[in-house]
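Structural description and commentary
So the chains spell out like this:
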Amino acid sequence: MKRTQLKTVLAVAAVAALALAGVARADEAMAPDMSKVLEINGEKMITHTKAPKNIPGLSEIYSGWLFRSPSTQQMETDDIDNPGMTGEAMGETEWTNVDGTEGKSCASCHGDLAKMKGVRTHMPKVNKDGVLWSMENYINDCRTNRMGAKPWKWSGADMQDMVAAISVQSRGMPMDVQTDGPAAKYWKEGEKMYYTRYGQLQLSCANCHEDHYGDNIRADHLSQGQINGFPTYRLKTGKLTSIQNRFKGCIRDTRAHTYAEGSPELTALELYVASRGNGLSVEGVAVRP
Ligand code: HEC
Ligand code: HEC
């Protein structure tokens, strides 16, 4: 077995033991150091606040930024030091690039990229046909049906660069996904998934990110698994990571079969997890180990 694989197995087994012990309740999970303040280019972010009413398992919510090491935290405070902003800049350039049979760019219809302000705070969102869509779905719908261009791969660099460029427009604004009305059934499905135990290790998202945030599993300081900072730049891979790709990684760690990016399951889960962070600032491109 490769070293890294072994490390993961050990880390996961450690959490499995904690979960089996069954002593931890949400309120006993450890809060991060909240004296740290995140300012991005001088603008203050909301990194902790009261949990939304429909999330009874948490009383306070915390951005993943609060759980990271000082050097990783530092990289997110300034766009010049943030390695993820290179991809974001590519997305900005792509915004005005003409592509496809219709001779259009994103800007042809949407105008200035700044007009996308606020869009991130509402994603995923039910579309006009009543189907829940992530930002990636909206982007590919515009590319294929409105531009006559090829769809982008969900976690491909061109897609995540564009997701980053659009997300950055909402920086500082609180996440505010809809959980009622037409979104209610998707939200309930996502909630159910969040508490379902998966894989050989029989662990749910909640076992780690609700019951044990603040704990250390080996090198990892467990966070609440919030998604207000996505897409995130991972130092480990040196690229932007999509929300659903990160979910897949966590599901795989429980030794379970996972779902595809863009599947109805992961999209419902994305809505639910986004709602657990309603009230936290969109951080645009976060930096993670
Ligand atoms: C031909 C016009 C056109 C082009 C070109 C176009 N879009 Fe769109 N886009 C639309 C329309 C119209 C909607 C509204 C769709 C809806 O609400 O169902 C939309 C919706 C969106 C949304 C969702 C916004 C929201 O508030 O829900 C995003 C994100 C988006 N487009 C991104 C892009 C990107 C990125 C590109 C370029 C790769 C692009 N669009 C190109 C017309 C266009
Ligand atoms: C075995 C424990 C474990 C389980 C189960 C687990 N995760 Fe994670 N997750 C981690 C660890 C460890 C990390 C990296 C440290 C951190 O950010 O918390 C992580 C990171 C994340 C992140 C990135 C957070 C950030 O700030 O960038 C998200 C999002 C996430 N997990 C969501 C989920 C979801 C959704 C599920 C259920 C499908 C899940 N996780 C299940 C251990 C777990």
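A brief report on the enclosed structure follows. A quick note: this is a predicted structure, and the numbers were derived from the prediction, not measured.

Quick look at the site of ligand 1
Around ligand 1, 18 residues are found, and the nearest of them are C106, C109, Y138, C142 and R146. Only α4 (106–110), α5 (135–146) and α6 (157–168) provide two or more residues apiece to the shell around ligand 1. By residue number, the principal contributor to the shell around ligand 1 is α5, which donates six residues. Among the residues making up the shell around ligand 1, the classes are represented as ten nonpolar, three polar and five charged.

Considering the sheet that holds strand β11 (residues 287–288)
Taking strand neighbours across the sheet as the criterion, the three strands line up as β10-β9-β11 in an open arrangement whose pairing is mixed. Edge strands, defined here as strands with exactly one partner in the open sheet, are β10 (239–241) and β11. As judged from the two bridges shared by strand β9 (residues 232–234) and β11, these two strands associate in the parallel manner. For R234, the partnering residue across the bridge sits in β11 and is R288.

Side note on the packing of helix α9 (residues 243–253) against helix α10 (residues 264–276)
As a packed pair, α9 and α10 sit with axes 10 Å apart at the nearest point and diverge in direction by 100 degrees. In terms of orientation, α9 lies roughly perpendicular with respect to α10. Here α9 contributes I243, Q244 and F247 to the contact with α10, which in turn contributes L266, L269 and E270. For the contact of α9 with α10, the residue count by class is four nonpolar, one polar and one charged.

Some points on the site of ligand 2
Near ligand 2 lie 26 residues; those nearest to it are G64, C205, C208, G225 and C250. Contributions of two or more residues to the shell around ligand 2 are made by α1 (3–21), α8 (205–209), α9 and α10. For the shell around ligand 2, the element with the highest residue contribution is α9, accounting for five residues. Here the residues of the shell around ligand 2 sort into 13 nonpolar, nine polar and four charged.

Focus on the packing of helix α3 (residues 85–95) against α6
Any two packed helices are characterised by the angle at which their axes cross and by the distance between the axes. Orientation of α3 relative to α6, taken along the N-to-C sense of each, is 90 degrees, at an axis distance of 7 Å. Looking at the two axes, α3 sits roughly perpendicular to α6. Counting all contacts with α3, which are made through G87, E88, M90, G91, E92, E94 and W95, the residues of α6 involved are A157, D158, Q160, D161, M162, A164, A165 and V168. Among the residues making up the contact of α3 with α6, the classes are represented as seven nonpolar, three polar and five charged.

Topic: α9
Taken residue by residue, α9 has I243, Q244, F247 and I251 as its buried positions. With its buried residues spanning 85 degrees around the axis, α9 presents them on a single face. Contacts from the buried residues of α9 go to α10.

Cut-offs used in this document
Residues numbered from 1 in each chain as written. Chains lettered and ligands numbered in written order. Predicted model: local features only at pLDDT ≥ 70, side-chain atom pairs only at ≥ 80, totals over all residues. Near = placed C-beta within 6 Å. Helix = DSSP H or I, 4+ residues; strand = E, 2+ residues; numbered from the N terminus. Nonpolar A, V, L, I, M, F, W, Y, C, P; charged D, E, K, R; others polar. Pairing = 2+ DSSP bridges. Axes fitted to C-alpha atoms, helices over the stretch in contact; angles between N-to-C directions. Parallel < 35°, antiparallel > 145°, perpendicular 65-115°, else oblique. Contact = placed C-beta atoms within 7 Å. Buried ≥ 20, exposed ≤ 12 C-beta atoms within 10 Å, placed from the backbone. Arc of directions from axis to C-beta.

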